[in-house]
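The chain contents come next:
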Amino acid sequence: MMAGQNTRESVVMDGALEMVAGVFPEVAEAMRWELASQRGSLKMIASENYCSPAVMAAMGNWLTDKYAEGVPYSRFYAGCEHVDQIEQLAVDEVRNLFGADFAYVQPHSGADANLIALWSMITHRVQDPELERLGLKNVMGMSGEDYEAIRQKMCQTKLLGLSLGSGGHLTHGFRQNVSSKFCQAFSYDVDPKSLMLDYKEIERVAKEVKPDILLAGYSAYSRTIDFAKMREIADSVGATLWGDIAHFAGLVAGKQLTGNFDPVPFCDIITSTTHKTLRGPRGGLILCKKEYEEAVKKGCPMVIGGPLENMIAAKAVAFREASQPAFVEYAKQVIANSRAFAERMMSRGGVVLSGGTDNHMAIIDVKSSFGLTGRQAEIALREASITCNRNSIPFDAEGAWYTSGIRLGSPALTSRGMKEGEMEMIADFIFDLLKGTKARENSRAKADTDPNMLREVGENVASLLGKFPLYPEFEF
Ligand code: DSN
């Protein structure tokens, strides 16, 4: 579809903006600017993507007006026939997509999904056997003392996950996140030399900690996870295995992570977002083995007040899109693009953590490559319309605010149609720009880029973007 045509998508979205403008013009104006900004920059935030106009249309409509606490065909409100149908379609589609026993599509975000999953696992391991011992069906009939004893025991549950510094997520037991407040959180690190997961070390830590729950997943790590090995480690200490696939769900759905790297056959419970490599609306998702179904299904009211059926409709559309053969090609290209970028960056002398990538992201140590903090690099790149995020690297001396690294992802650029050649060009843009940027004395935030370099890279970025229009269906 060429830009400039009066497309169906254009009519719908432009009409929507006009309606918004009729009520609150400044909001509509900012929405138009945001589109212009996304069109006019290279989006390399590894956790972002572009969903389809069909996904957008499914989330912005009257479905938002329906309350539907409960699960399909078992709700606390009347009039749920149609949202029941939509939610069930989403559940069936995603179960088929991943080959999971059970799917729960209500979490509003990955963090919600993680909270629900964590409490479900704790419930399954501690509360359920205790209830059985007491001959009770649920906590309703329990004495206060019994409940307090169970609660205390639940809070002693041990969770072992990848540390935040090594690329784990806040919700994996970080001390300032609620996940570390209702259980005991422990962590393992990547190997200090290779900066990769070291399964022998994970096993050693697991034997020492004896976790009830072993977590495999990351937010900033550029390699794959061997889930078969993680299962072995979990089994060796009797732990439940939790996979957080928020970042790479699209690579699993797109059949690029198979065999030992496919989390589904090995994990008891899997959490994800739906908007990263999976290219759906913002939201969360849980997949699990049959035995966790009853606990997970109580995500509302355990964590969430009520499902957002408009977002669930959009998830259903995205799951259907991810089930198409074209999505396999997409996922394959995401990895090929990430590799092409990392290899080119390294060939120029940039330091890419762990010496490359096997997934959708590469993390550059900008401190040792360019003498910059992540914050300085992030700001300099944005000046040239390259959007990425600073990220701490393992054992980072610059801390989590300034950082020594930047994380660069290929999912959004791949959605825009870019291939290996473009990714190599982009690696050159980034290398040249950061090489031409000097940190200001005594500042970890400010830096100055050679104006000629900034202009040249900015022009090159604009020229490249011109060949890959974003949302050409929208003629505004
Ligand atoms: N904020 C997401 C990311 O950027 O990886 C994780 O929640």
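Quick summary incoming for the structure in this document.

The rules behind these values
Residues numbered from 1 in each chain as written. Predicted model: local features only at pLDDT ≥ 70, side-chain atom pairs only at ≥ 80, totals over all residues. Heavy atoms only, no water. Helix = DSSP H or I, 4+ residues; strand = E, 2+ residues; numbered from the N terminus. Expected span 1.5 Å × (residues − 1). Buried < 20%, exposed > 50% of the residue type's maximum accessible area, 1.4 Å probe, protein only. Arc of directions from axis to C-beta. Contact = heavy atoms within 4.5 Å. Pairing = 2+ DSSP bridges. Near = heavy atom within 4 Å. Polar contact = N/O pair within 3.5 Å; in protein donor to acceptor, adjacent residues only side chain to side chain. Areas by Shrake-Rupley, 256 points an atom, 1.4 Å probe, with all protein chains shown as cover. Nonpolar A, V, L, I, M, F, W, Y, C, P; charged D, E, K, R; others polar.

### Quick notes on helix α1 (residues 8-23)
Item 1. With 16 residues, α1 should reach 22 Å at 1.5 Å per residue; the first-to-last C-alpha distance of 23 Å fits that figure.
Item 2. Among all positions of α1, only Glu9, Ser10, Met13 and Leu17 are buried. Viewed along the axis of α1, the buried residues span an arc of 95 degrees, placing them on a single side of the element. Away from its buried face by more than 90 degrees, α1 exposes Arg8, Glu18, Met19, Gly22 and Val23.
Item 3. Looking at the packing, one finds that the buried side of α1 touches α2 (25-39) and α3 (53-59).

### Some remarks on the pairing of strand β9 (residues 269-273)
Item 1. Judged by how many residues are buried, β9 sits mostly within the fold: five of five residues are covered.
Item 2. Where burial is concerned, the two faces of β9 agree: the one with Ile269, Thr271 and Thr273 and the one with Ile270 and Ser272 are both buried.
Item 3. For strand β8 (residues 240-244) and β9, the ladder comprises three bridges, and the chain directions are parallel. Bridging from a neighbouring strand, Trp242 pairs with Ile269 of β9.

### Regarding the site of the ligand
Item 1. All residues adjacent to the ligand are Ser47, His169, Ser219, His247, Lys276 and Arg407.
Item 2. Taking His247, its side chain carries an N or O atom lying 2.7 Å from an oxygen atom of the ligand.
Item 3. Here an oxygen atom of the ligand sits 2.7 Å away from a polar atom, N or O, in the side chain of Arg407.
Item 4. Out of a free accessible area of 230 Å², the ligand has 63% covered by protein chains.
Item 5. Partitioned by chemical class, the residues of the shell around the ligand number no nonpolar, four polar and two charged.

By themselves, these observations are geometric and do not establish any function.
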